[in-house]
Amino acid sequence: MSALKSAEDYKTGEILNSAKAAPIRVLFSTIGGGATLLFIIVALLSKGEFQKGMAYSWLFAIVYFLTLSVGCIFWTLLHHASNSGWGVLVRRLMETVGSVVPALFVLALPIVMIPGIRDALWEWFPETHRVNEEWAVQKEDVVRKKFEEMKSGIDAGQKALDAKKKEWSASLEKAQPGEKARIEAEMAAAEASQERLKEADPSKAPVQNEVEDEAEAEHFKHASPVLASKRGYLNPGFWYFRYFMFAIALSGIIFLLRSWSLRSDSDAAGSGKWFRLMRKWSCGFLPLFAVSWTFLMFDWLMALDYTWFSTMWGVYLFAGAALNSMAFLIILLVGLQRSGHLLKVVNAEHYHIMGKLMHVFVIFWAYIAFSQFFLIWYANMTEETKFYLLRNSDGWNLYAKVFLVAGHFFLPFVFLLIRAMKKNMTWIAAAALWNLAMHFFDLYYVIIPERGPSLSGGESLLVPYAWITDVLAFLAVGGIFCYFVLRNLGQGSLYPCRDPRLDESLNLTN
Amino acid sequence: MSQTVTNAEHNVHPSDQEGIAREPLVLNNRSMSWITNRICGIVENRQPLIWWILFVPSVLLAGVLGFTLVYLVSTGVGIWGNNQPVAWGWAIVNFVFWIGIGHAGTLISAILFLTRQKWRTSVNRASEAMTLFAVVCAGIYPGFHVGRFWMVWFLAPVPNANAIWQNFKSPLLWDVFAVSTYFTVSVIFWYIGLIPDLATMRDRAVTKVRKFLYGLFALGWRGGNRQWRHYEMGYLLLAALSTPLVLSVHSVVSFDFATSIVPGWHTTIFPPYFVAGAVFGGFAMVLTLMLPVRKLYGLEDMITPKHIDNMAKIILLTGTIVGYAYIMELFISYYGANKFEKDAFHLRILSGHYTWAYFCMFFCNVISPQIFWFAKMRKNLWVVFIIANFVNAGMWFERFVIIPTSVSMDFLPGQWGFYSPSIVEKWMFLGTFGLFLSLFLLFLRFLPVIAISEVKGVLPESDPHHHDWEEIKARRNAAHRG
């Protein structure tokens with residue numbers, strides 16, 4: 001009898017016990033559905049800043065769960081690209097959590113599509129609108145004036161040319177042969193330049209458009225200089241295009257990987273084929289993933305204040321996503337084992353590795369968050385410091401010290417140093433829960449401080465009682481998210497049971 | 001042809017098919033004694049002629065370095081091309097270049113150790129040595145850049161009669177701490193790793209001098225159970241200590257620039273971007289050194305195509321990360337709408353004196369490694385060697401692009417200037433290569449280039465479950481065929 005487990009004994013896989021899962025699914029859908037309904041009712045009944053502030057609540061909730069989901073896409077990609085063996089037994093969970101991404105993009109549609117909500121979040125939308133409205137009013141006048149100027153320019157040019165022509169023909173008669181050539185050349189040049197002027201005749205359609213565009217750009221630059229300089233990127237058409245592209249890219253990546261993975265479960269002869277396919281594509285998907293995630297976070301979160309910028313932004317949100325998706329996977333795994341699943345295959349060694357990865361990303365998150373803060377603080381440039389200035393104001397300062405410095409970094413860092421904690425199901429779950437809570441505070445710190453000043457025109461930092469809708473939105477999106485996770489979990493085996501690396505994962509040692 | 005492959009594959013369980021099965025880390029079923037003989041043989045036998053052909057010019061070049069340094073100290077920093085506004089020229093470029101190269105060693109030893117990457121064992125020793133030599137070369141520059149070299153000790157916050165107080169708010173001082181800590185821990189880590197192999201060398205020594213010297217440095221290693229137990233724990237702890245150091249050194253180096261407000265220097269992505277770049281450049285240098293060493297000393301069975309493949313992949317990954325950072329910088333210089341930043345990047349890529357350097361950098365660092373997407377190219381040693389050298393050059397250009405070009409044309413056009421290195425700087429840079437190569441060749445001559453005990457540890461027969469794995473393999477293949 002071998003001392004090791006053989007994948008031959010586990011190749012039938014294991015499915016979710018639907019009798020146990022059903023009531024929990026009902027619970028989640030009730031919470032999600034109920035909270036959503038309540039949220040909508042509150043949104044319809046309230047007004048003013050409070051109502052507009054709810055847009056931030058919903059964005060916050062969407063981004064929170066999107067980070068968990070997208071983080072799991074990253075772990076799936078990393079698993080394949082790094083040719084990993086240990087993670088086979090939990091890979092299906094990664095794929096499942098990742099597969100909720102499309103649902104979250106759908107849930108984000110109201111804040112993206114309804115102008116009133118959208119404009120409360122991203123000020124550059126109403127700003128663009130304002131400048132365009134102004135332009136619509138002024139356009140006729142300005143363009144007419146320009147045309148008149150141009151026309152009179154052409155007329156004046158013609159007159160001057162005619163006068164000069166007379167002069168030249170007079171002097172040509174008297175000219176020496178050498179001089180003649182020079183005068184003729186001058187004449188030709190003057191005529192050509194008049195022809196060029198005529199080409200820009202504003203009564204021609206293409207010229208008209210050109211002049212209009214130029215005048216419009218000038219107007220925009222004058223009316224909103226900062227936005228004007230980034231209008232090539234921050235304009236509604238391109239922004240929506242990107243939204244759909246990123247949604248398709250992220251959903252597409254995980255859809256393909258998950259469906260290949262599910263199909264490999266039943267393909268006894270050719271699981272090697274699926275393995276190769278997933279590995280190959282995962283490597284290629286990694287750059288696509290990085291670009292999509294970075295620019296999505298630029299569009300959604302960095303653009304909450306369109307004048308602020310940081311090159312680290314994409315990395316910062318990625319760090320939080322990778323860390324907390326791992327935390328969520330741990331919770332999910334503990335939940336499954338507590339309800340009698342995966343008991344024969346997953347053991348303390350798997351928790352140990354997942355704990356180590358969580359630990360690594362606790363450190364990585366702190367490294368990135370600190371570097372970003374530190375460099376902006378040290379250089380002390382107005383256009384950059386505004387982000388932290390707002391978040392140092394009033395209570396936010398203490399908030400950051402308690403939740404981000406101590407809670408997000410120091411405590412879990414020390415706790416996760418201890419090996420026994422990583423190998424113990426209960427303790428590692430507690431650490432994971434803690435991290436998820438700190439992630440709540442991290443994203444809250446990223447998104448919510450913008451709300452008060454944005455909606456009140458800089459009058460107040462906070463919108464009174466708005467935290468209630470923040471919690472409500474969190475419950476609503478969270479409920480729906482967990483419902484989908486459980487639903488998708490039931491669609492196949494809980495682990496890829498015919499994966500060629502299953503042997504390695506079953507016999508994992510650290 | 002493909003038909004026969006498919007037929008053959010049908011008889012093999014997916015786990016054991018080619019491209020999926022884990023490749024052995026030592027080829028041709030080499031035994032433990034073969035490994036010991038092969039590695040110790042390098043030190044014990046006479047060096048091949050090529051060793052001398054490389055060593056003599058290297059030492060001469062190192063001599064040139066010594067000469068330029070003497071000239072520098074006796075004359076003054078004015079003999080460099082530094083000027084106003086470019087007060088930081090090649091000296092800092094080369095410092096960052098060498099420090100960056102000094103990252104792969106500890107990355108391989110520490111981070112790959114913590115992540116249980118067994119393939120590290122064949123290359124960690126040489127890369128660690130390379131790290132140390134690179135840091136030595138790097139340290140020369142800031143040391144001499146202070147001008148009055150005999151006062152270099154003022155860098156350290158020690159009590160002195162001149163009432164000099166080091167500026168703790170300056171990243172340059174943090175650099176002193178970061179680099180010296182990194183160097184110290186890397187030396188200790190490297191030395192601890194050497195101890196069991198030094199004992200092997202001692203036990204095989206034929207002359208008394210050798211026996212005494214290797215014995216002295218082997219610290220009485222006997223290879224007992226207790227010794228191994230403590231050793232492994234010590235090694236693990238040092239690995240855990242070194243890991244944050246790898247990250248911190250280059251992060252602090254990046255702070256030298258990023259804490260300023262100079263456009264092109266100040267950007268928040270600098271710390272992770274520098275670290276990724278350092279790993280990138282370090283691995284390129286490891287490949288540059290190890291490909292010839294492997295061929296020269298017949299180490300192909302230990303530094304296998306798989307090892308080279310892995311390193312090529314790391315180069316691809318880190319090169320692409322560096323590319324991501326370049327693109328973020330460019331994008332934010334546009335999006336940030338800061339006039340100075342925009343102009344700095346406009347000058348950098350379109351209209352400045354040094355645009356050629358930017359495109360050299362971009363091509364070498366981002367475009368050229370993309371060839372490693374193809375497995376065939378990763379297996380072609382010439383391609384790997386050439387790309388590794390592209391990367392070496394590209395990483396030098398990266399520092400050149402960042403450092404002199406950003407300050408040569410900054411805020412005030414009236415203050416703009418142009419920088420080109422003086423002849424002394426050029427010889428000094430070449431001289432550091434001489435020093436680096438001399439030290440590395442001496443390392444090959446006197447110490448085991450591959451960690452003997454660690455390579456033995458990754459042989460299949462070292463796994464206590466070796467036979468169980470064989471059983472599992474037999475079982476799954478029987479089931480597959482049946």
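All values reported here derive from a predicted model rather than from experimental measurement.

Analysis parameters
- Residues numbered from 1 in each chain as written.
- Chains lettered and ligands numbered in written order.
- Predicted model: local features only at pLDDT ≥ 70, side-chain atom pairs only at ≥ 80, totals over all residues.
- Heavy atoms only, no water.
- Helix = DSSP H or I, 4+ residues; strand = E, 2+ residues; numbered from the N terminus.
- Rg over C-alpha atoms; globule rule 2.2 N^0.38 Å.
- Buried < 20%, exposed > 50% of the residue type's maximum accessible area, 1.4 Å probe, protein only.
- Areas by Shrake-Rupley, 256 points an atom, 1.4 Å probe, with all protein chains shown as cover.
- Contact = heavy atoms within 4.5 Å.
- Lys, Arg positive; Asp, Glu negative; His and termini not counted.
- Charge placed at Lys NZ, Arg CZ, Asp CG, Glu CD.
- Patch = residues over 30% accessible without salt bridge, like charges linked within 9 Å, V, L, I, M, F, W, Y side chains within 5 Å.
- Salt bridge = Lys/Arg side-chain N within 4 Å of Asp/Glu carboxyl O.
- Buried area = accessible area lost by both parts, 1.4 Å probe.
- Polar contact = N/O pair within 3.5 Å; in protein donor to acceptor, adjacent residues only side chain to side chain.
- Nonpolar A, V, L, I, M, F, W, Y, C, P; charged D, E, K, R; others polar.
- Expected span 1.5 Å × (residues − 1).
- pLDDT = per-residue confidence, 0-100.
- Phe/Tyr/Trp six-rings, centres within 6.5 Å; stacked < 30°, edge-to-face > 60°.
- Core = buried A, V, L, I, M, F, W, Y, C linked by side-chain atoms within 4.5 Å.

Caption draft 1: Layout of the overall build of chain A. If you tally the helices and strands in chain A, you get 21 helices and zero strands. Taking 2.2 N^0.38 as the reference for a compact globule, 510 residues should give roughly 24 Å; the C-alpha atoms of chain A span a radius of gyration of 31 Å, well beyond that estimate. Across its three principal directions, the C-alpha atoms of chain A cover 120 × 55 × 45 Å. Expressed as a percentage of the 510 residues in chain A, the buried residues total 53%. A total of about 22,100 Å² of accessible surface is found on chain A, and carbon and sulfur atoms cover 65% of it.

Caption draft 2: Structural detail: the overall build of chain B. When helices and strands are counted, chain B shows 18 helices and zero strands. Radius of gyration (C-alpha) of chain B: 25 Å, near the 23 Å computed for a compact globule of 482 residues. Projected onto its principal axes, the C-alpha coordinates of chain B cover approximately 80 × 60 × 40 Å. Across the 482 residues in chain B, those meeting the buried criterion constitute 55%. Long-range pairs, those at least 24 residues apart, make up 81% of the contacts in chain B with a sequence separation of at least 6. Accessible area of chain B: about 21,000 Å², with a carbon and sulfur share of 69%. Computed over 36 positive and 26 negative side-chain charges, the separation of the two mean positions in chain B equals 5 Å.

Caption draft 3: Looking closely at a nonpolar patch on the surface. Residue and element names in this part refer to chain B. A cluster of nonpolar residues, Leu49, Ile50, Trp52, Ile53, Leu54, Val56, Leu60 and Leu296, forms a patch on the protein surface that exposes about 770 Å² of accessible area. The topology assignment puts Ile50 in helix α3 (residues 49-75). By relative accessible area, Ile50 is classed as partly exposed at 35%.

Caption draft 4: A look at the side chain of Thr304 of chain B. All names here are of chain B. Turning to its location among the elements, Thr304 is positioned in the loop between α10 (270-296) and α11 (305-335). The buried category is assigned to Thr304, whose relative accessible area is 1%. Residues contacting Thr304, with those up to four places away along its chain left out, are Leu25, Leu27 and Arg294.

Caption draft 5: Examining the interface of chain B and chain A more closely. Between chain B and chain A, the contact holds 50 residues from the first and 61 residues from the second. Summed over both sides, the interface of chain B with chain A buries roughly 4,500 Å², with 62% coming from carbon and sulfur. Sorting the residues of chain B by area buried against chain A places Arg22, Thr268 and Tyr335 of chain B first, and these three jointly supply 17% of that buried surface. The tally of links from chain B across to chain A stands at three salt bridges. The partner of Asp9 of chain A in a salt bridge is Arg475 of chain B, with the nearest N and O atoms 2.4 Å apart. Linking chain B with chain A are 22 residue pairs in polar contact (both at pLDDT 80 or more), by the criterion used here. Within the residue set of the side of chain B that touches chain A, elements represented by two or more residues are α7 (171-204), α9 (225-258), α10, α11 and α18 (466-481) of chain B. Its residues assigned to classes, the side of chain B that touches chain A shows 23 nonpolar, 15 polar and 12 charged.

Caption draft 6: Quick peek at helix α6 (residues 124-145) of chain B. All names here are of chain B. An ideal rise of 1.5 Å per residue puts 32 Å on 22 residues; α6 measures up with 32 Å between its terminal C-alpha atoms. Counting buried positions along α6 yields 19 of 22 residues, so the element is predominantly enclosed. Of the residues flanking the end of α6, it is Gly147, one or two places downstream, whose phi is positive at about 95°.

Caption draft 7: Representation of the confidence of the model for chain B within the structure. Residue and element names in this part refer to chain B. For chain B, the average pLDDT comes to 91, and 98% of its residues sit at 70 or higher. With pLDDT under 50 throughout, residues 1-5 is counted as low confidence; its partners more than four residues away or in other chains account for zero contacts. For this predicted complex, the interface confidence score (ipTM) comes to 0.94, while the overall pTM stands at 0.93.

Caption draft 8: Fine view of the packing of aromatic side chains. All names here are of chain A. Scanning the model with the defined rule gives 112 aromatic pairs over all chains in all. Between the aromatic rings of Trp313 and Phe387, the centroid separation amounts to 5.6 Å while the plane-to-plane angle is 80°, which identifies the pairing as edge-to-face. Placement of the pair is Trp313 in helix α13 (residues 313-338) and Phe387 in helix α15 (residues 382-391), with a sequence separation of 74 residues. With respect to class, Trp313 is no different from Phe387; both count as buried.

Caption draft 9: Fine view of the nonpolar core. All names here are of chain A. Core analysis: the biggest nonpolar cluster contains 300 residues, and Trp300, Leu301 and Trp313 have the highest contact counts within it. For this core, the element with the highest residue contribution is helix α2 (residues 48-81), accounting for 19 residues. Ignoring sequence-local partners within four residues, the contact set of Trp300 consists of Leu59, Ile62, Val63, Leu66, Phe105, Ala108, Trp122, Trp239 and Tyr243. In terms of nonpolar packing, the next biggest core, distinct from the first, is built from seven residues, Trp168, Leu172, Met187 and Ala190 among them.

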